[in-house]
Amino acid sequence: MSKLAKFSRLALILGLCLAAIPALAQQLPAPKATHKHVHQAAQTAQDPWWKHAVIYEIYPRSFQDSNGDGVGDINGVTSRLEYLHDLGIGAIWITPMYPSPLVDFGYDVADYTALDPLYGTLGDFDQLMAEAKKRNIRVIMDFVPNHTSDQHPWFKESRSSRTNPKRDWYIWRDGKGPGQPPNNWQSWFGHSAWQFDPATGQYYYHHFYVEQPDLNWRNPEVRKAMYDAMRFWLDRGAAGFRLDAVSRLFEDPNLHDDPISPGNNAYGDPNIAHKYTDNLPEARRRRLSWKPCADQRGR
Ligand SMILES: [Ca+2]
Ligand SMILES: [Ca+2]
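These numbers come from a predicted model, not from an experiment.

What counts, and where the lines are drawn
- Residues numbered from 1 in each chain as written.
- Chains lettered and ligands numbered in written order.
- Predicted model: local features only at pLDDT ≥ 70, side-chain atom pairs only at ≥ 80, totals over all residues.
- Helix = DSSP H or I, 4+ residues; strand = E, 2+ residues; numbered from the N terminus.
- Buried ≥ 20, exposed ≤ 12 C-beta atoms within 10 Å, placed from the backbone.
- Contact = placed C-beta atoms within 7 Å.
- Core = buried A, V, L, I, M, F, W, Y, C linked by C-beta atoms within 7 Å.
- Expected span 1.5 Å × (residues − 1).
- Arc of directions from axis to C-beta.
- Pairing = 2+ DSSP bridges.
- Axes fitted to C-alpha atoms, helices over the stretch in contact; angles between N-to-C directions.
- pLDDT = per-residue confidence, 0-100.

K.L.:
How should the overall build of the chain be read in this particular structure?
P.N.:
Looking only at helices and strands, the chain has 12 helices and nine strands in total. Taken across its 299 residues, the chain has 37% of its residues classed as buried. Within the chain, contacts between residues at least 6 apart in sequence are counted, and of these 63% link residues at least 24 apart.

This is how it looks when you write it as structure tokens:
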């Protein structure tokens, strides 16, 4: 999704996600009450750190290269923690570092519990967490629950046959007829949100790029897999998550056409209201139910 759209919902999503794990935040050491960090001093359940902390976004690819290969990396971030501390930063939000074909700047994830080797190793990540903790800087991971990369093993399985156990992990539907998608839903990045897959003769839904198939959040196995992935990073010390595009988690199961508005958009398509693919009541409820990732470990 666009940077602007991502920023526009950052505060709400981050707040909700971190609100789900206040006890986790309390486990972190209290910062020194220096003049630089007065904003961090108070930490109670009613007044959690994330309401006051200065959060610094890091796009790791361009932030700091540590080994001269021209690509920013985790050790580069670690090497700049002292600088961030001096700025009074209370938390860093690192945009996706997961393995990715980079169709959408890393927001097309091919493995949720690994790091792209370009950025470093899990050992490098652990060192980053340890050094950040010494400086009372919390680390917020970026998490992309709405869709995976089409190169994710889950999707490769899902598209392999209509009877594959992971078929229902994504949103597959028959077309209305030859060459006709199931309905008029449009991708955020233009044109139909449905992509025909000749291997099995059905369409899959993608709210964003063709290479970003939407996960089926009505499938409990999907929800479990995503919560497990979040726990993986919480267990490594992450303080919370910035959640990408959570308003798009659910679509109308009855596939109603979206309402058409006058005129055309930048892609030349008719303007459309994303009434049946964005901000459904289930998505709003889901935003408030990320708590399982913290509750089930007693936080
Ligand atoms: Ca590098
Ligand atoms: Ca979705």
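After that view, the rundown keeps rolling.
K.L.:
What is the right way to read the nonpolar core from this model?
P.N.:
Within soluble globular proteins, side chains that are nonpolar tend to cluster in buried spots. Among the nonpolar cores identified, the biggest contains 53 residues, and Ala-91, Ile-92, Ile-94, Val-139, Ile-140, Met-141 and Tyr-170 are the most heavily contacted of them. Looking at this core, the elements that each hand over two or more residues are helix 6 (74–79), strand 2 (91–94), helix 8 (122–134), strand 3 (138–143), helix 9 (153–158), strand 6 (202–205), helix 10 (220–235) and strand 7 (240–243). If we skip the residues at most four places from it in the chain, Ile-140 touches Ile-55, Ala-91, Ile-92, Trp-93, Ala-238, Ala-239, Gly-240, Phe-241 and Arg-242.

K.L.:
Sorry, what's going on with helix 10 here?
P.N.:
What sets the pattern is the α-helix's 3.6 residues per turn: residues three or four places apart point alike. The terminal C-alpha atoms of helix 10, which comprises 16 residues, lie 22 Å apart, in line with the 22 Å expected from a rise of 1.5 Å per residue. Considered for burial, the residues of helix 10 that qualify are Met-226, Met-230 and Trp-233. Buried residues of helix 10 fall within an arc of 55° about the axis and therefore sit on the same side. Of the exposed residues in helix 10, the ones pointing more than 90 degrees away from its buried face are Pro-220, Lys-224, Asp-228 and Asp-235.

K.L.:
When you look at the sheet that holds strand 4 (residues 172–173) in this model, what are you seeing that I'm missing?
P.N.:
In sheet architecture, strand pairing relies on hydrogen bonds along the backbone and comes in two forms, parallel and antiparallel. Taken in spatial order, the three strands make up an open sheet running 4-6-5, and their pairing is antiparallel. Of all the strands in the sheet, just strand 4 and strand 5 (194–197) have a single pairing partner and so form its edges. Looking at chain direction, strand 4 and strand 6 are connected through two bridges and run antiparallel. Residue pairing for strand 6: Arg-173 is matched across the bridge by Tyr-203.

K.L.:
It is not clear to me how the sheet that holds strand 2 should be interpreted in this structure. Could you clarify?
P.N.:
If you trace the four strands from one edge of the open sheet to the other, you get 1-2-3-7, paired in parallel fashion. Looking at which strands have only one partner, the edges of the open sheet turn out to be strand 1 (55–58) and strand 7. For this sheet, the mean angle separating the axes of adjacent strands, direction not counted, is 30°. For strand 1 and strand 2, the ladder comprises four bridges, and the chain directions are parallel. Counterpart to Ile-55 in the pairing with strand 2 is Ala-91.

K.L.:
For this particular structure, what's the right way to read the environment of Pro-182?
P.N.:
Examined against the element boundaries, Pro-182 turns out to sit in the loop between strand 4 and strand 5. Each C-alpha atom of the pair Pro-182 and Tyr-203 lies 7.6 Å from the other, and the pair is 21 residues apart in sequence. For Pro-182, the contacting residues outside a window of four places in its chain are Arg-173, Asp-174, Gly-175, Lys-176, Trp-194, Tyr-203 and Leu-255.

K.L.:
Which parts of the structure should I look at to understand the confidence of the model for the chain?
P.N.:
Detailed reading of predicted coordinates is not advised where the pLDDT is low. Across the chain, the average pLDDT comes to 86, with 81% of residues at 70 or higher. Predicted confidence for residues 292–299 stays below pLDDT 50, and this span has 13 contacts to residues more than four positions away or in other chains.

K.L.:
Just checking my understanding: could you explain the environment of Gly-120 for this structure?
P.N.:
Its location among the elements puts Gly-120 in the loop between strand 2 and helix 8. With 22 C-beta atoms packed within 10 Å, Gly-120 lands in the buried category. Gly-120 sits 48 residues away from Gly-72 along the chain, and the two C-alpha atoms are 9.6 Å apart.

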